[in-house]
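Residue-level listing of the chains:
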Amino acid sequence: MNVNIVSQPGKSKPDEMVPSRYALQVGDYEVLVISDGVLTIPTSVLATNADPAALAAWLKDMFMPPDVLEWPLNVVVVRGRGRTILIDAGIGLEYPGFPKAGRLAQRLEAAGIDLASVTDIVLTHLHMDHVGGLLGDGLKGRLRPDVPIHVSATEIDFWAQPDFSHTTMPKPIPPVLRSVATRFLKEYGSQLRQFDDEHEVAPGFVVRRTGGHTPGHSVVRISSGNDRLTFAGDALFPVGFEHPYWYNGFEHDPEESARVRVDLLRELAGTGEVLVAAHLSFPFCRVAVDGDVFRWVPAHWEY
C-alpha cells in the first residue's frame, strides 16, 4: 500500500516552533493530522491494573517521565470528493488546567482551512478533549450553523446517565466530563446525525462503533483506491502496543476496551495501513506484530 505525503498547506505562524500539522494523501482524500497541543496527566492513568514497578520500567524504557507526562492530542481534517470533514474537535480554550492544549482553531487557520467550508463533523466520543473545541471561542460561531455532526446513538444515550464506576480518573475530571457532554448535546442536538453500528459519511469514509472506551466510542477508516488510514480515537494509547491488556483510567469499560484494542491492533498489523489516534505520537504510525503483543512503528517523515 502506498500512502503519499503531500506538502503542508497554509503558512505556519512565526511563533510556532514545532510542527503542528502533517498531510497525507490517501487515494482521493487529503488527510491532515493537526495537533491540538498536549494534555498534562499523571502517568498512573496509563495502566491502572498494572504492577506500578512494571509501569515505571516501561516509562523509563520509553524515556518518559515517571510521574506526569504530556499526552498528545490529535485531530484530523479530511478533504476530497467535495467534502471537508473534521474528525473530533479538541479540548477548546475553557480549561485552565490544560494550558498547553486548545490550539485547534489557531492551527486550522494556519493551515488555510476555512471553518465555514467544513461539510461534516465526526466525533469518536463525547469526552471533553474531543468535543470541547465546539463549545467555546475558536470553532463555535465560525462553523456553518447547520453542519451535520455524526456520532453514535449509543454514545448519546450513555451521556444521559453516564457511569464512571469502572474508571480511575483524577477526581476532578468526571463531573467536568459530564457537564461538557450535557452542554454539547444541548447546544448541538438539532445537528446530530446518529448511527447505530456503522455509517458511511462519504464514499470510502466509514465510522464504526467499537464501544469499550465509552459505550459509543467509534473509529474511522478512510479507504480510497489501494490506500487506507484509520483514526482510532481513544481505542489505542502508547502503552497499549506492548501491554494491550493494561487498562487506561479513562476507559468506562476496561475489559471491553482491551478486547477492542487487541482486535484493532491485529487488524491494523494485518493491513499495514496508516494509524492515527488522538493520544499517539504526532503525526502517525503503523502496527507490527511482536510475538504475542504488538510493536509501534513510527512514521517516516517526508520533507
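Rules behind the numbers
- Residues numbered from 1 in each chain as written.
- Predicted model: local features only at pLDDT ≥ 70, side-chain atom pairs only at ≥ 80, totals over all residues.
- Heavy atoms only, no water.
- 1 Å grid on protein atoms, 1.4 Å probe; cavity = no way out; pocket = protein on both sides within 12 Å on 5 of 7 lines; lining within 4 Å.
- Points joined across faces, edges and corners; volume = space filled by probe spheres on them.
- Nonpolar A, V, L, I, M, F, W, Y, C, P; charged D, E, K, R; others polar.
- pLDDT = per-residue confidence, 0-100.
- Contact = heavy atoms within 4.5 Å.
- Salt bridge = Lys/Arg side-chain N within 4 Å of Asp/Glu carboxyl O.
- Helix = DSSP H or I, 4+ residues; strand = E, 2+ residues; numbered from the N terminus.
- Buried < 20%, exposed > 50% of the residue type's maximum accessible area, 1.4 Å probe, protein only.

J.: So what about empty space enclosed by the protein? Which residues, and what values?
T.: For the structure on display, the rule yields 2 cavities of 30 Å³ or more. Residues that form the lining of the largest cavity fall into these classes: 9 nonpolar, 3 polar and 2 charged. Roughly 70 Å³ of internal volume is contained in the second largest cavity. Lining the second largest cavity are 14 residues; nearest its centre among them are Gly92, Gly102, Ala105, Gly133 and Leu139.

J.: Run through the confidence of the model for the chain, naming residues and quoting values.
T.: The predicted model of the chain has a mean per-residue pLDDT of 93, with 93% of residues at 70 or higher. A low-confidence stretch, residues 5-14 stays under pLDDT 50, and its non-local contacts, those more than four residues away or across chains, total 30 contacts.

J.: With reference to specific residues and values, describe the pattern of salt bridges.
T.: In total, this model carries 16 salt bridges according to the counting rule given. In this structure, Arg183 and Glu94 form a salt bridge, with 2.8 Å as the shortest nitrogen-oxygen distance. Of this pair, Arg183 sits in helix α5 (residues 173-188) while Glu94 sits in the loop between β5 (83-87) and α2 (104-110), placing them 89 residues apart in sequence. The class for Arg183 is partly exposed, based on a relative accessible area of 29%. Given the relative accessible area of 35%, Glu94 is considered partly exposed. For Glu187, the salt bridge goes to Lys140, with nearest N and O atoms at 2.6 Å. Linking Glu187 in helix α5 with Lys140 in the loop between α3 (128-131) and β7 (149-152), this pair joins segments that are 47 residues apart in sequence. Residue class for Lys140 comes out partly exposed when judged on its relative accessible area of 40%. Salt bridges sharing partners connect three or more residues here, namely Arg208, Arg221, Arg228, Glu267 and Glu273.

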